[in-house]
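What the coordinates show
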Amino acid sequence: MANLPGSRNISRLKKWQRLFVNRSLNMGNIKAIGFDMDHTLVVYNREAFEALAFRETLKKFIASGYPEELATLAFDPNLLIRGLLVDMDRGNVLKVDGHKYVKVAYHGHTRLAKDVRRSVYNIESFKAGSLLSVDTFFSLSEVQLFTEIVDYMARNPNKIQKSYREVYDDLRRFIDQSHADGSIKTHVLAHPEKFVRKDKYLALTLKQQIEAGKSLFLLTNSSWEYTNALMTYILGDESDEFTDWRQYFEYILVSAGKPGFFTGSQPFYEIQTKTGTVKPLAGPLAERSVYQGGNAKLFQQLTGIRGDEILFVGDHIYGDIIRSKHSVNWRTLLVIEELGTELVKLEALKRALSDIRSKMEEREIADEDLQVLHSKLRWQERLMAQSQANGEVKKAQYIGKEREKLATKAGRLATRLEKLDFEIKTMTEARAARVHPVWGELMKVGLERSRFADQVADYACLYTSAVSNLRFYSPFKRFSSVHDMLAHDF
Ligand SMILES: [Mg+2]
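Residues numbered from 1 in each chain as written. Predicted model: local features only at pLDDT ≥ 70, side-chain atom pairs only at ≥ 80, totals over all residues.

Moving on to the overall build of the protein. Within the protein one finds 15 helices and 21 strands. The C-alpha extent of the protein, read off along each of the three principal axes, is 105 × 65 × 40 Å. The buried share of the protein, reckoned over its 490 residues, is 36%. In the protein, of all internal contacts separated by at least 6 residues, the share reaching a separation of at least 24 is 75%. (Helix = DSSP H or I, 4+ residues; strand = E, 2+ residues; numbered from the N terminus. Buried ≥ 20, exposed ≤ 12 C-beta atoms within 10 Å, placed from the backbone. Contact = placed C-beta atoms within 7 Å.)

Okay, structure coming up:
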C-alpha cells in the first residue's frame, strides 16, 4: 500500500496544484467518486484534437455547397476561451460579467466599438440566457469555426446567402455528423498518442482513493468502443497491480446521456463487451461490468450510495456539475484545465496586480479627499450667503477668496482622479492582455468576476486544473470553504 498523502505539505503547493473550495466538503464522508471521461480523465492535446474537429467540420461545409475558399480558414486554439457567449443571430461573441453586462464583443475578428456594443447589448431587454454559452472544449472549436465564417462573410458580402443563425444551425448539424460518422473518432483511435496527453500521476491518484476505501466509477457520454480505447491508452499499462483499466472502476457507465442521466428515468442496459450486444439490466449492477444509459436515482438505489456520499468529477459546468448537484445532490469537483496555465501566468503577474491595487488605494483616498473638499465648498457657500445677507461685506469677500483656493485645489484633485482612473484602466487591461490578448482572464472581467466565475462559484463544491491534483490531498481531508468565515476572520 502506498503512503497516502496528509495535510502537512499543502501550504507548499503551487496554485496550479491546488484544489479550491467553494463549499466545505469532508472527503471522509465520500464513499464513491465518479469521473467523467473526456477532458476530465482523458486530457486532449487540444491543438491537435480541436484542429481535427475544425477541419472535419469544414470539409462538410464545403461538401454541402459553401464556398471552397473556406478551406483556407485556419484553426487557432487560443482565439476563444470558455465562458463566452455566442449571439447566433448577430454573429457575435461576447464576454459578460456577473451582472450580465457585456464587456467585450467581437464580430468575426473585429471588436465592436463601445457605443455599438452598448446600444446592442447593454440595454434592459438583453438576456444572457437566450445566447449560447461556450461551456466545453468541444464548443471552443465549434465557436471558433463560426467566428471564422462570420469574419469571411463580413469580408466577402453575398458569397454566403444565409443568415448567421442558419450558418450556426448548419455548423451544429455538421459537427454532430462528424461525431456520428466517425470522422473524428477514427483519427483519434488510430493515433491516440497524437491527440491525448497522458497524465503520469493519474494512476497513482486513482489508486490512493481506492486504497482509502472509495469506490470509483466512470460516467461518460462516450460510447463503449471509444471509452475502452482511450481508457486503455491512458491507464492500460500504468500500474503493475492493475493491468486492465477496468480494475480501477467498480462501475462503468458509458453512453450515459448526461445531463439527462441526472434528471431522467432511463433504464440501464448491460453491454456484453465481447460481442457488443446490449440487453436490459435485470438485477443489481455487477462490478466491472459495463452499462449504458441509466439514471442517477436508480444508480443510487442499486449501489446503496446516497447522493451526498458521491463526489462527481467533471469538466462540463452544465452537463456534469450543475445538473448533478441540483438534481441528485451529488458533491462536485469541476476540472478547469486551462486554469493551470492561467494560474502560472497570473503568478508571474502578481506584481502587476499589487501595483494596480496600490493605485486603487491611492484613488480611494483621492476620491475621499475630493468629497471632503466639495462639502467644505458647500459649507463656505452657505457662510458666504449668510454674510452677504447680514451685510458683512468684508467677511463675505474673505470667505470668497478662501473658497476660490479650495475650488482650485478641488479642480486639481479631480484631474488627478481622472489620471488615476485612466492609469488603473490601462494597467488592468495590460495585465489581462498578458493572460489572453483578446478576452483576458477566464474568471475575471477587468477586476470583477466573469459570468463563468459566478457559475463556478455557484455550482462547483471544489475546482482544480487537473484530476491528478487530488493526489496532494488526504482522501479524508476536510475541505473548508472561506465562505464559512466571517469578514473579520481574514
Ligand atoms: Mg467531459
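Structure's up, so let's keep going.
K258 connects to P259 through a cis peptide bond whose omega is 5°. Notably, N158 is not glycine yet its phi reads approximately 75°, a positive angle. Along the chain, N158 falls in the loop between α3 (137-155) and α4 (164-180). A positive phi is found at N329, a non-glycine position, where the angle reads about 60°. With respect to the secondary-structure elements, N329 resides in the loop between α11 (317-328) and β17 (331-335). A count of 14 C-beta atoms within 10 Å places N329 in the partly exposed class.

Next up on the list: the domain arrangement of the protein. Domains assigned within the protein are domain 1 (10-42 + 196-343 + 458-483), domain 2 (46-192) and domain 3 (350-441). Here the C-alpha centre of domain 3 lies 54 Å away from the C-alpha centre of domain 1. (Domains from an automatic or database assignment.)

Let us look at the packing of helix α1 (residues 46-63) against α4. The N-to-C vectors of α1 and α4 enclose an angle of 115°; their axes lie 9 Å apart at closest approach. Where α1 crosses over α4, the handedness of that crossing is right-handed. Taking contact as the criterion, the partners of A53, E56, T57, K60 and F61 in α1 are, on α4, D170, L171, F174, I175, Q177 and S178. Class assignment for the residues of the contact of α1 with α4 results in five nonpolar, three polar and three charged. (Axes fitted to C-alpha atoms, helices over the stretch in contact; angles between N-to-C directions. Left-handed = near helix turned anticlockwise from the far one by under 90°. Nonpolar A, V, L, I, M, F, W, Y, C, P; charged D, E, K, R; others polar.)

This brings us to helix α12 (residues 337-348). Each turn of an α-helix holds 3.6 residues, which means side chains three or four residues apart point in the same direction. Three or more residues of α12 are buried, namely E337, L339, E342 and L346. For α12, the secondary structure elements touched by its buried residues are β4 (43-44), β17 and α14 (393-435).

As a further point, take the environment of N22. Inspection of the secondary structure puts N22 in the loop between β1 (20-21) and β2 (25-26). Residue N22 is classed as partly exposed on the basis of its C-beta count, with 19 C-beta atoms lying within 10 Å. For N22 and L353, which are 331 residues apart along the polypeptide, the C-alpha to C-alpha distance reads 23 Å. Setting aside anything within four residues of it in sequence, one finds N22 in contact with A457, A460, C461, L462, S481 and H483.

Here the focus is the nonpolar core. Counting residues in each nonpolar core, the largest one holds 108 residues, and the members touching the most others are F146, L253, L334 and A460. Element by element, the count of residues in this core is highest for α3, at eight residues. Ignoring sequence-local partners within four residues, the contact set of L253 consists of F217, L218, L219, Y291 and G294. (Core = buried A, V, L, I, M, F, W, Y, C linked by C-beta atoms within 7 Å.)

Before going further, it helps to examine the pairing of strand β16 (residues 310-314). By the criterion of burial, β16 is predominantly enclosed, with five of the five residues buried. Neither face of β16 is left uncovered, since the one carrying I310, F312 and G314 and the one carrying L311 and V313 both have all their residues buried. Bridge count between strand β3 (residues 32-35) and β16: four bridges; the pairing is parallel. Residue pairing in the sheet places A32 in a bridge with I310 of β16. In this fold, the crossover linking β16 to β17 by way of α11 has right-handed handedness. (Pairing = 2+ DSSP bridges. Right-handed = clockwise from strand over helix to strand, strands pointing away.)

Okay, the sheet that holds strand β12 (residues 251-254) next. The sheet built from 10 strands is open, its strands ordered β1-β20-β17-β16-β3-β11-β12-β15-β13-β14 with mixed pairing. Each of the sheet's edge strands pairs with one partner strand only, and the pair in question is β1 and β14 (278-280).

The next subject is the packing of α3 against α4. Running from N to C, α3 and α4 point in directions that differ by 140°, and their axes come no closer than 10 Å. What the angle tells us is that α3 and α4 run oblique. Handedness of the α3/α4 crossing: right-handed. Contacts from E142, L145, F146, I149 and V150 in α3 reach Y164, V167, Y168, L171 and I175 in α4. Broken down by class, the residue content of the contact of α3 with α4 amounts to nine nonpolar, no polar and one charged. (Parallel < 35°, antiparallel > 145°, perpendicular 65-115°, else oblique.)

Moving on: the sheet that holds strand β5 (residues 85-87). Reading across from one edge, β8-β7-β6-β5-β9 is the order of the five strands in this open sheet, with antiparallel pairing throughout. Sheet topology places β8 (110-111) and β9 (132-133) at the edges, where each strand pairs with a single neighbour. Summarising the sheet, β5 and β9 pair through two bridges and their orientation is antiparallel. In the sheet register, V86 faces β9, and the bridge partner there is L132.

On to the environment of L73, then. Mapped onto the fold, L73 is located in the loop between α1 and β5. The exposure class assigned to L73 is partly exposed, which follows from the 18 C-beta atoms found within 10 Å. Along the chain, L73 and L145 lie 72 residues apart, while their C-alpha atoms are 8.3 Å from each other. Ignoring any residue separated from it by four or fewer positions in sequence, one finds L73 in contact with L58, E148 and Y152.

So, about the pairing of strand β13 (residues 268-271). Sheet analysis places β13 next to strand β15 (residues 290-293), joined by four bridges and oriented antiparallel. Following the sheet pairing, E270 is matched in β15 by Y291. Note that β13 and β14 share three bridges and pair antiparallel. When the bridges of β14 are listed, E270 appears paired with K279. Between the end of β13 and the start of β14, which pair antiparallel, lie six residues, with G276 showing a positive phi angle near 80°.

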